[in-house]
Structures are given as structure tokens and as C-alpha cells.
Amino acid sequence: MPTSGLPPIPGGPRHVAIIMDGNGRWASSRMLPRVAGHKAGVDAVRRIVRAAPKLGIETLTLYAFSSENWRRPADEVSDLMSLLRHHLLAELEELDSNGARLSLIGDWRGLKPDVVERLENAMESTRHNERFRLVVALNYGGQDELVRTVQGIAQKVASGAISPAAITPQMIEAGLDTADLPPVDLIIRSSGEQRLSNFLLWQAAYAELWFTPTLWPDFDENSLREAVEAYAQRERRFGGR
Ligand code: IPE
Ligand code: IPE
Ligand code: MG
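Starting from 1, residues in each chain are numbered consecutively following that chain's sequence as written. To label them, take the chains in the order written and letter them from A, then take the ligands in the order written and number them from 1. Predicted model: local features are reported for residues with pLDDT of at least 70 only, side-chain atom pairs are reported and counted for 80 or more only, and whole-chain, interface and lining totals are derived from all residues. Computation of side-chain values covers all heavy atoms of the structure but excludes hydrogens and water.

Student: Kindly report on the site of ligand 1, identifying the contributing residues and their values.
Tutor: Ligand 1 sits among 13 residues. The nearest are D21, G24, R25, R34 and R72. N23 has a polar backbone atom sitting 3.2 Å from an oxygen atom of ligand 1. The Shrake-Rupley method, run with a 1.4 Å probe, gives the accessible areas here. Residue values count only the displayed protein chains as cover. About the coverage of ligand 1: the protein hides 86% of its 380 Å² of free accessible area. Under the scheme used here, helices are H or I runs from DSSP no shorter than 4 residues and strands are E runs no shorter than 2 residues, and both carry numbers assigned from the N terminus. Elements with a contribution of two residues or more to the shell around ligand 1: α1 (23-28), α2 (34-54) and α3 (74-88). The greatest single-element share of the shell around ligand 1, amounting to three residues, is contributed by α1. Under the grouping applied here, Gly and all other residues not named as nonpolar or charged are polar, the nonpolar ones being Ala, Val, Leu, Ile, Met, Phe, Trp, Tyr, Cys and Pro and the charged ones Asp, Glu, Lys and Arg. Taken together, the residues of the shell around ligand 1 break down into three nonpolar, five polar and five charged. The near set for a molecule or strand comprises every residue that places at least one heavy atom within 4 Å of it. In the analysis that follows, any N or O atom pair within 3.5 Å is treated as a polar contact, provided that within protein one partner can donate a hydrogen and the other can accept it, and provided that, for residues neighboring in sequence, both atoms belong to side chains.

Have a look at this one:
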């Protein structure tokens, strides 16, 4: 595979998750409407999805729309949904031809029926691809994910299938949207904010965190490489020594 200046980094992360923040500020600083920032954000997604496998990343999870983003004005929510309809799904062919599999986390089944249908088709048509996994967090909130997981376990308890004392961290993990994904190694957030904003709360337990002031539309291959190199220098301990 050609690596075009982006050779995999020894000791780099296998699973990287990104909080793609700063589209609105990117647009305001240019006197543009927020939707222009979201459009530029889609271009950044395309760049990063192409760059990630070249850096040795096997799974890339992107926070695209949170369960709290519905609180935004209706016109911004509708702009974000039409970008999802028209742009992200248009990238599907390229994903497929590059051997990438699309997966989703979050309550994405709660989106509009036409979007849900397209997403289901996209996942189905890339299901057998193994070279790279792109996971999009859509209508995702870590608290919502935990609530849905706990509800599933509570049902088993209520039916008498398991006792409360039998609940283990592994059982919770198996109920999360990320159950079939490798552990998250590195969480990146752009735009200078240093918070998780309800992203991967359980999965972040021992993930490395990397923050950059770069706004998401300006985030490029070099920004990703910088984060991956910083990760490779970290010492992970998981509570041991
Ligand atoms: C991130 O950019 C995109 C989404 C949350 C969908 P923002 O829209 O949050 O941009 P800022 O944080 O207002 O700059
Ligand atoms: C987090 O960004 C959500 C996504 C990037 C999709 P927000 O911009 O919504 O987070 P807050 O409101 O600044 O915490
Ligand atoms: Mg934001």
C-alpha cells in the first residue's frame, strides 16, 4: 500500500476517537454562516478518513452529532442532517473501494426514516470490509448509551435470567454500542475545549487524551500525525506500575 509521506508510527494507537469541534467558530472568524463551517468540517472528515489507515490506525470513531446537539436552533440541526444525507453518504463508494467498513454508535435509529435506511444500506454494503473501520457517532451520548445498556441488563434481572450480583464490567461492556470494537486508545478533541461532552464516557476510562486548539475544519493529516506521535510517547499504566 502506498504510504505517501504518512508511514505508520511504531507504538501508534489502533483505535482513535475524535471530538470534531470548532466548525462554528471557524465560520464566525470568517464572517460566514455556521453551515459553511460544517461544510468545511465535512472536507476535514474526508481528509482524516484517508489519512488514518496510512498512519496505522485500524479503527476511527468520529463524533458527528451528539444527543444534546438537538438543543441547537432547528435550522442548524436541519443543515447538519442534510450534510449527513448528501455528503457523508456520498463518500461511501470511496470507503468501500478502500476496504473500509462503516459502523455506527448512538441512537441513530432515532433519525429520520430515509436517513436510517441509507445508513443501514451503507453498513450492510461495507460489512465484509476488513482493512479499516470507520465508526460514526450519530445521535450519540455516553449517558444515553449507558442508560440503554442498563435497561437491557435490568430486563434480564427482571426476567430472572441473572441476579444483580452477577453484573460485571464485562457484561456492561458487552451491552455498549462499542461492544464489537477494540478498546479506544486515543481521544482527540479539536478547537481548544478540554472536555468530553458526553463522548465515550465508559470507554474513556484509560484512553489517552489529546487536545489541540486547531479548529476542526483546519485539522489535517499533520494534526493527526502530531496526535499519533504524541500517543506513541505516552506510557500507559492501567492502574499498574
Ligand atoms: C462541531 O462544531 C460540529 C458539531 C457539534 C456538529 P461546532 O458546531 O460545535 O462548532 P463550535 O464549537 O460552535 O465552534
Ligand atoms: C461535541 O461538541 C459534539 C460533537 C463534536 C458532535 P459540542 O460543541 O456539541 O460540545 P459542547 O457543547 O461545546 O460541550
Ligand atoms: Mg462545539
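Further notes follow.
Student: Tell me what's going on with the site of ligand 2, and back it up with residues and numbers.
Tutor: Lining the immediate environment of ligand 2, one finds I19, M20, D21, Y63, A64, F65, N69, R72, R189, R195 and S197. Between ligand 2 and the protein, one listed contact pairs an oxygen atom with a side-chain N or O atom of R189 at 3.4 Å. Between ligand 2 and R195, the relevant distance is 2.8 Å, taken from an oxygen atom to a side-chain nitrogen or oxygen of the residue. For ligand 2, whose accessible area on its own is 390 Å², the fraction buried by protein is 77%. Ranked by residues supplied to the shell around ligand 2, first place goes to strand β2 (residues 59-66) with three residues.

Student: Talk me through the sheet that holds β2; I want residue IDs and the actual numbers.
Tutor: Strands are labelled as partners when DSSP assigns at least two bridges between them. Strand order in the open sheet made by the six strands is β3-β4-β2-β1-β5-β6, with parallel pairing throughout. The sheet terminates laterally at β3 (100-105) and β6 (208-211), the two strands that pair on one side only. Geometrically, the sheet is characterised by an average inter-axis angle of 20° between neighbouring strands, direction not taken into account. The contact rule is simple, with two residues in contact once any of their heavy atoms fall within 4.5 Å. Geometry is summarised by axes, namely lines fitted to C-alpha atoms with helices restricted to the contacting stretch, and by angles between N-to-C directions that run from 0 to 180 degrees. With respect to the sheet, α2 is in contact with β1 (15-19), β2 and β4 (132-140), its orientation differing from that of β2 by roughly 160°. In the packing of helix α5 (residues 113-125) onto the sheet, the strands contacted are β3 and β4, and the crossing angle to β3 comes to about 140°.

Student: Tell me about the packing of aromatic side chains, and please be specific about residues and values.
Tutor: Think of a pair of aromatic rings as described by two things: how far the centres are apart, and how the planes are tilted against each other in angle. Stacked, tilted and edge-to-face are the three classes assigned to paired rings of Phe, Tyr and Trp, where Trp is represented by its six-membered ring and a pair needs centres within 6.5 Å; plane angles under 30 degrees give stacked, over 60 edge-to-face, the rest tilted. Tallied over the entire structure, the rule returns six aromatic pairs. Aromatic pair Y63 and F199: ring centres 4.3 Å apart, planes at 10°, arrangement stacked. Of the two residues, Y63 is situated in strand β2 and F199 in the loop between β5 (186-189) and β6; the sequence distance between them amounts to 136 residues. Seen in terms of ring centroids, Y140 and F199 are 6.0 Å apart; in terms of plane orientation they differ by 85°. Their pairing is edge-to-face. Of this pair, Y140 sits in strand β4 while F199 is found in the loop between β5 and β6, placing the two residues 59 residues apart along the sequence. Side by side, Y140 and F199 carry an identical accessibility label, which is buried. Clustering of aromatic rings is evident, with ring pairs tying together Y63, Y140 and F199. Exposure is judged per residue with a 1.4 Å probe applied to protein chains only, and the accessible area is read against the type maximum: over 50% gives exposed, under 20% gives buried, and values in between give partly exposed.

Student: Break down α5 for me, citing the residues and quoting the values.
Tutor: Look at α5: 18 Å from first C-alpha to last across 13 residues, which is about the 18 Å you get at 1.5 Å a residue. For α5, the full list of buried residues reads V115, V116, L119, A122 and M123. Down the axis of α5, the smallest arc covering the buried residues is 125°, so these residues share one side. The exposed set on the far side of α5, more than 90 degrees from its buried face, consists of P113 and E117. Expected span of a helix: the number of residues minus one, times 1.5 Å. Here the arc refers to the set of directions running from the helix axis out to each C-beta atom.

Student: Requested: an account of the pairing of β3, with residues and values cited.
Tutor: When you tally the buried positions in β3, you get five out of six residues, the bulk of the element. Viewed with both strands pointing away, a crossover whose connecting path from the first strand over the helix to the second turns clockwise is right-handed. Each parallel crossover has a hand, and the one from β3 via α5 to β4 is left-handed.

Student: Explain the pattern of salt bridges residue by residue, including any values.
Tutor: Between Lys or Arg on one side and Asp or Glu on the other, a salt bridge is scored when a side-chain nitrogen of the former is within 4 Å of a carboxyl oxygen of the latter. A complete count under the given rule lists 20 salt bridges for this structure. The closest approach of N and O atoms between E124 and R127, which form a salt bridge, is 3.1 Å. Take E124: its relative accessible area is 46%, and that puts it in the partly exposed class. Classification of R127 as partly exposed rests on a relative accessible area of 39%. Across the pair R237 and E235 runs a salt bridge, and its minimum N-O distance is 3.2 Å. For the residue pair R237 and E235, the accessibility class agrees, reading exposed in each case. The structure contains a network of salt bridges with shared partners spanning D21, R25, R189, E193 and R195.

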